[in-house]
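Structure at a glance
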Amino acid sequence: MSDKLTEQQQAELQKVQSFYLSMIGDLKNEVADLADKKAVQAALNIQNQQTIKNLSEQLKEMEQKLIEEKAKNAGPVPKNEVDPE
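These remarks concern the structure in this document. Quantities reported herein were computed from a predicted structural model and do not represent experimental measurements. (Residues numbered from 1 in each chain as written. Predicted model: local features only at pLDDT ≥ 70, side-chain atom pairs only at ≥ 80, totals over all residues. Heavy atoms only, no water.)

Section: the packing of aromatic side chains
The test is simple: Side-chain rings of Phe, Tyr and Trp, where Trp is taken by its six-membered ring, are said to pair if the distance between their centres is within 6.5 Å; with planes under 30 degrees apart they count as stacked, over 60 as edge-to-face, and otherwise as tilted.
The full count for this structure, using the stated rule, is one aromatic pair. Seen from their ring centres, Phe19 and Tyr20 are 5.4 Å apart, and the 70° between their planes marks the pair as edge-to-face.

In structure tokens form, the structure reads like this:
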């Protein structure tokens, strides 16, 4: 038997090679797309963490202002209303 491929075998081989090259290209594109999505997700997570930190700081400031306002508006406690326990 000869080592040379027939024309039909060469055509089949070219089809198979073309198919696999196409699949490899598609997979490379999919990996690149997933890497982009992962990078976007990481950036969004960082942004969300910063937003949470900022909101937490704002909440603490508002709670402190509320405490100060309550203390300012409370005034002195009348002596006859103090429980002598």
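Moving on, there is more to tell.
Description of the pattern of salt bridges
To keep it simple, the criterion reads: Salt bridge, as used here: a side-chain nitrogen of Lys or Arg that lies within 4 Å of a carboxyl oxygen of Asp or Glu. Each helix is a run of DSSP H or I of at least 4 residues and each strand a run of E of at least 2, with the numbering of both proceeding from the N terminus. Exposure classes here rest on a 1.4 Å probe applied to the protein chains alone. A residue is buried below 20% of its type maximum, exposed above 50%, and partly exposed in between.
Enumeration according to the criterion identifies two salt bridges in this entry. Between Asp33 and Lys37 there is a salt bridge; the shortest N-O distance is 3.5 Å. In this pair, Asp33 and Lys37 both sit in helix 1 (residues 7–74), four residues apart, roughly one turn of the helix. Classification of Lys37 as exposed rests on a relative accessible area of 52%. When the shortest N-O distance is used, the salt bridge between Glu69 and Lys72 registers 3.2 Å. You can see Glu69 and its partner Lys72 sitting in helix 1, three residues apart, about one turn around the helix. You can call Glu69 partly exposed: its relative accessible area is 38%. Overall, Lys72 belongs to the exposed group, its relative accessible area being 60%.

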